[in-house]
Amino acid sequence: MGFELSDRLKALPPYLFAELDRKKKEKIEQGVDVIDLGVGDPDLPTPEPIVEALKRAAEKPENHRYPSYEGMRAFREAVADWYRRRFGVKLDPDKEVIALIGSKEGIAHFPLAFVNPGDVVLCPDPAYPVYRIGTIFAGGEPYSVPLKEENGFLPDLGSIPREVVERAKIIWVNYPNNPTSADATEDFYKELVKWAKKNNLIIASDNAYSEIYTGEKRPLSILQIEEAKEVAIEFHSLSKTFNMTGWRIGMAVGNEELVKALGKVKTNVDSGQFNAIQEAGIVALNLPDSELDKLRAVYRERRRVMTEALKKAGLSPFESEVTFYVWTKVPEGYTSADFAEKLLEEAGIVCTPGSGFGPAGEGYFRISLTVPTERLTEAARRIENLKDG
Ligand SMILES: *Cc1c(COP(=O)(O)O)cnc(C)c1O
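In this text the structure is predicted, and so the values were computed from the model without any measurement.

Criteria and cut-off values
Sequence positions are assigned chain by chain, starting from 1 and proceeding in written order. Only residues with pLDDT of 70 or above have their local features reported here, since the model is predicted, and side-chain atom pairs are shown and tallied only from 80 upward, although totals for entire chains, interfaces and linings are computed over all residues. Excluded from the side-chain calculation are hydrogens and water; included are all heavy atoms of the structure. Numbering of helices and strands starts at the N terminus; helices are DSSP runs of H or I of at least 4 residues and strands are runs of E of at least 2. Multiplying 1.5 Å by the helix residue count minus one yields the expected span of that helix. The cut-offs for exposure are 20% and 50% of the maximum accessible area for each residue type, with area from a 1.4 Å probe on protein chains only; residues under the lower value are buried, those over the upper are exposed, and the others partly exposed. We call two residues contacting when some pair of their heavy atoms lies within 4.5 Å. Paired strands, as defined in this entry, are two strands with at least two bridges between them according to DSSP. Handedness is read with the strands pointing away from the viewer; a crossover is right-handed when the path from the first strand over the helix to the second is clockwise. Note on ring pairs: Phe, Tyr and Trp rings are taken, using the six-membered ring of Trp, and paired if centres are within 6.5 Å. Classes follow the plane angle, with under 30 degrees stacked, over 60 edge-to-face and the rest tilted. Domain ranges listed in this record stem from an automatic or a database domain assignment. Summed over both partners, buried area is the accessible surface (1.4 Å probe) that two parts give up on being assembled. For this analysis, a salt bridge means a side-chain nitrogen from Lys or Arg found within 4 Å of a carboxyl oxygen belonging to Asp or Glu. Any pair of N or O atoms that falls within 3.5 Å is considered a polar contact. Within protein, one atom must be able to donate a hydrogen and the other to accept it, and sequence-neighbouring residues count only if both atoms are side-chain atoms. Note that Gly is not counted as nonpolar here; it falls among the polar residues with everything else outside the nonpolar set of Ala, Val, Leu, Ile, Met, Phe, Trp, Tyr, Cys and Pro and the charged set of Asp, Glu, Lys and Arg. Throughout, the term near means that a residue has one or more heavy atoms lying within 4 Å of the molecule or strand in question. Each accessible area value is a Shrake-Rupley result obtained with a 1.4 Å probe; residue values ignore everything except the protein chains displayed when judging cover. Working convention: axes come from line fits to C-alpha atoms, limited for helices to the stretch in contact. Angles between N-to-C directions cover 0 to 180 degrees. Put simply, a crossing is left-handed when the front helix is turned counterclockwise from the back one by less than a right angle, and right-handed when it is turned clockwise.

Taking 1.5 Å of rise per residue, 24 residues should cover 34 Å, and helix α11 (residues 289-312) covers 34 Å from first to last C-alpha, within 8% of that figure. Among all positions of α11, only Leu 292, Leu 295, Arg 296, Tyr 299, Arg 302, Arg 303, Val 305, Met 306, Thr 307, Ala 309 and Leu 310 are buried. If you follow the buried residues of α11, they end up packed against β9 (325-329), β12 (364-368) and α13 (373-384). Once α11 finishes, Gly 314 follows within two positions and takes phi at roughly 85 degrees, a positive value.

This is the structure we're talking about:
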């Protein structure tokens, strides 16, 4: 049929993994034991108390009706309480917290509240694709801010041209970072807040990985920075922290005006998340930290195994103690796509070529540590035995 797609759909970047997906399928059909380290989706189950809480909450008829748009008061209180305990950040659950149907939902909708056609949104590159796509859907123009290894994969704010900054409404940041596994420093956040205030810009921080750390240093929330709440909204999620990607529950917190405007968009496009899931979310947010320590120990071991294997293969993975990704430069003479193909052909391993996260990701590949440890160990063994060249 000849239905013409909208310009906004036509403006989306092409799906870069189509060819890799096809090759992966072909390998599986040939009987190759393919190990997929491409997707960042925790393999470990949601902790039992959360599942039990959902079962109980699903039985309550009062939960079967429309939820409130902004999320249950009890869920918003649990979020505020968690931010206070974890980050020392004080939030008003009535004005500075809103529930999301997964943080992706909020990230995609947020630009609709503030971006007019012709407005610029500053998006990191490489990055989670939704910052760009949400911008395009809102009629805005994404402007790529490269994340370079020599800057610790932090954006160089001073390098953004003056005329771009003047047209910009929002800057997206994401630390701990997907895909580079870099983390932000307090100094960077301080500089960012000062810069955003000076230039009248909104900071949209995506903090989905704040609990996925394996070292001594706990990642920050931008809201810990003085005066950040004047300009910042932070998107968070139960997905990665509690192995709940399938549940679709997250939150946006921070500046009252920003939270309220996002709520206004949402009121007109969705009707909130199932109360039973929010009740289970409250249980998640109140789990003792020892529960998460078990998870962190698993990722720590997996990172060790994979990093060692990559080094034995002559590669130099970016040193990191956050996220469940390993970000590594491809060997000399390869593009990201070439090297991803080599890994699949010679080792039966699927990784994500860095170019899939934006042009500045070219020259790298991402490995996700979200497969069972014995499979990851097998993948590591195959990587160690990779032939050079
Ligand atoms: C996984 C992920 C998210 C969102 O997850 P939800 O399941 O939608 O809450 C957001 N940002 C980044 C960078 C992610 O990797």
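That shown, we press on.
Let's shift gears to the pairing of strand β4 (residues 141-146). Sheet analysis places strand β3 (residues 120-125) next to β4, joined by six bridges and oriented parallel. The residue of β4 that forms the bridge with Pro 124 is Val 145. Handedness of the β3-helix α6 (residues 130-137)-β4 crossover: right-handed.

Before going further, it helps to examine the packing of aromatic side chains. Any two aromatic rings considered together are summarised by their centre-to-centre distance and by the angle between their planes. Under the counting rule described, the total for this entry stands at 21 aromatic pairs. Judged by centre distance (5.3 Å) and plane angle (50 degrees), the ring pair of Tyr 299 and Phe 324 falls under tilted. Here Tyr 299, found in helix α11, pairs with Phe 324, found in the loop between α11 and β9; they are 25 residues apart in sequence, far enough to count as distant. Phe 324 shares its class with Tyr 299; the two are buried.

Attention shifts here to the domain arrangement of the chain. Taken domain by domain, the chain comprises domain 1 (7-45 + 290-384) and domain 2 (48-285). Averaged C-alpha coordinates put domain 1 and domain 2 at centres separated by 25 Å. With 32 residues of domain 1 in contact, the opposing surface of domain 2 contributes 31 residues. A buried area of about 2900 Å², summed over both sides, lies between domain 1 and domain 2, and 62% of it is on carbon and sulfur atoms. One can count two salt bridges joining domain 1 with domain 2. Counting across the interface, domain 1 meets domain 2 through 13 residue pairs in polar contact (both at pLDDT 80 or more). Residue assignment for the side of domain 1 that touches domain 2 shows that the elements contributing at least two residues are α1 (7-10), α11, β9 and β12. Class assignment for the residues of the side of domain 1 that touches domain 2 results in 19 nonpolar, five polar and eight charged.

Further remarks concern the site of the ligand. Neighbouring residues of the ligand: 14 residues in total, closest Asp 206, Tyr 209, Ser 237, Ser 239 and Lys 240. In this structure, an oxygen atom belonging to the ligand sits 2.9 Å away from a main-chain N or O atom of Lys 104. Within the side chain of Ser 239, a nitrogen or oxygen atom sits 2.6 Å from an oxygen atom of the ligand. Its free accessible area being 380 Å², the ligand has 94% of it covered by the protein chains.

Here we come to the packing of helix α5 (residues 103-114) against α6. Two elements in contact, α5 and α6, have axes separated by 7 Å at closest approach and are oriented at 35 degrees. As α5 packs across α6, the resulting crossing turns out to be right-handed. The residues of α6 that touch α5, namely those facing Lys 104, Ile 107, Ala 108, Pro 111 and Leu 112, are Val 130, Tyr 131, Gly 134, Thr 135 and Phe 137. Of the residues that constitute the contact of α5 with α6, the class distribution is seven nonpolar, two polar and one charged.

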